[in-house]
Amino acid sequence: MEQIKIPDGYHSALNLHDTQIAIKTVKDFFQQTLAQKLNLLRVSAPVFVNPSSGLNDNLNGVERPVSFDIKGQPENAEIVHSLAKWKRYALKKYGFAQGEGLYTDMIAIRRDEDLDNIHSVYVDQWDWEKIIGKDQRNMDTLVSTVRTIYSVLRKTEKYMAVQYDYIEEILPREIAFVSTQELVDMYPELTPKEREYQIVKEKGAVFLMQVGKTLTNGERHDGRAPDYDDWELNGDILVYYPVLDIALELSSMGIRVDEDSLDKQLTIAGCDDRRELPFQKAILNKELPYTIGGGIGQSRICMFFLRKAHIGEVHASLWSQDVMNEAKEKGVQLL
């Protein structure tokens, strides 16, 4: 079901032509700065994979991947949901060393997405991954990396504020760190999304840690596949977005599972059948490097820095006729 909410009095400061220029300005500056700060090399990446490889991201485990047959091949291919697993395999295959990493443009189709101002069937993000030592699989590494990424976000906002006089700097100087359990303790009566809104409205920018694990209230804050993030060492970068008065997730990231955390999380999630898939087996057999990585939404970044009200203003997708009619009525130009 599609929903659209356009704030009263909203008007894009840029027309369609100038929006395209601004999108490229944001993307070029952000990815170049990110690659420099995290020591990342841009690589090519697949748009589709074989299901039997175990490389596709299972997200929450219920989303249906888009699949299609290929002439002369016995197995259908699947459009990736993300490259969370593929990147780790690629780091080994391409010969990256500890302290080095890669990033790529990831394009996905998420057919089961609930569409609204910030969700689309079309998903584009920078997927990145970096090799770390086993002794670096700790909270210090996670916090340090989050702060580095946040510094790139702030630099990008400063840069865009110079390029476009309608853009004001709204990101706070520091990002706050809060765990999902702490949020439950703070706001026990609220839903997970309501908790996110409350903390982000207060702090401005938050890294919400430990997503996927079961909390003391018997629930999980949000779903997270058991075979890429370590649920004790992951999280989401959330910022307050005043244009829509929401908590806007810009990145999901974390230290990836090692053989022990994968073994534990597969059992908890009831996914023991995945142990025999090539990717998961390689982790259990200690054949892949230890890594930290994540995805950063390209259109989310553009939407935030250009102060757009709908993600369809910064990328082309498909929307229902009702959404298109309402957007047009309120002066929102969907690509």
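Our structure is the block above this text.
Just so we're clear, the structure is a prediction, and the values are computed from it rather than from any experiment.

This brings us to the pairing of strand 9 (residues 229–241). Counting buried residues along strand 9, 12 of its 13 residues qualify, which places the element largely inside the surrounding structure. Judged from the five bridges that link them, strand 8 (residues 205–209) and strand 9 form a sheet pairing that is antiparallel. By the bridge assignment for strand 9, A205 is matched with V239. Taken together, the nine bridges between strand 9 and strand 10 (residues 246–256) define a ladder with antiparallel strand orientation. Opposite D236, over in strand 10, you have S252 as the bridge partner. Linking strand 9 back to strand 10 in an antiparallel pair, the connection comprises four residues, with D245 at a positive phi of about 55°.

Here we come to the packing of aromatic side chains. Under the criterion given, the structure shown has nine aromatic pairs. Ring geometry for F177 against F207: centres 5.9 Å apart, planes inclined by 65°, an arrangement best described as edge-to-face. Pair noted here: F177 is in strand 7 (residues 176–179) and F207 is in strand 8, with a separation of 30 residues, a long-range link. Among the aromatic side chains, those forming a connected cluster through ring pairs are Y241, F304 and F305. Cation over ring: R220 sits above W231, and NZ or CZ is 5.8 Å from the ring centre. One cation-aromatic arrangement involves R307 over F304; the distance from NZ or CZ to the ring centre is 5.0 Å.

Moving on to the sheet that holds strand 3 (residues 67–68). Taken in spatial order, the three strands of this open sheet run 2-4-3, and their pairing is antiparallel. In this open sheet, the two edge strands, each paired with only one partner strand, are strand 2 (48–49) and strand 3. As paired strands, strand 2 and strand 4 (residues 77–79) are joined by two bridges and run antiparallel to one another. In the sheet register, F48 faces strand 4, and the bridge partner there is I79.

The rules behind these values
- Residues numbered from 1 in each chain as written.
- Predicted model: local features only at pLDDT ≥ 70, side-chain atom pairs only at ≥ 80, totals over all residues.
- Heavy atoms only, no water.
- Buried < 20%, exposed > 50% of the residue type's maximum accessible area, 1.4 Å probe, protein only.
- Helix = DSSP H or I, 4+ residues; strand = E, 2+ residues; numbered from the N terminus.
- Pairing = 2+ DSSP bridges.
- Phe/Tyr/Trp six-rings, centres within 6.5 Å; stacked < 30°, edge-to-face > 60°.
- Lys NZ or Arg CZ within 6 Å of the ring centre and 35° of its normal.

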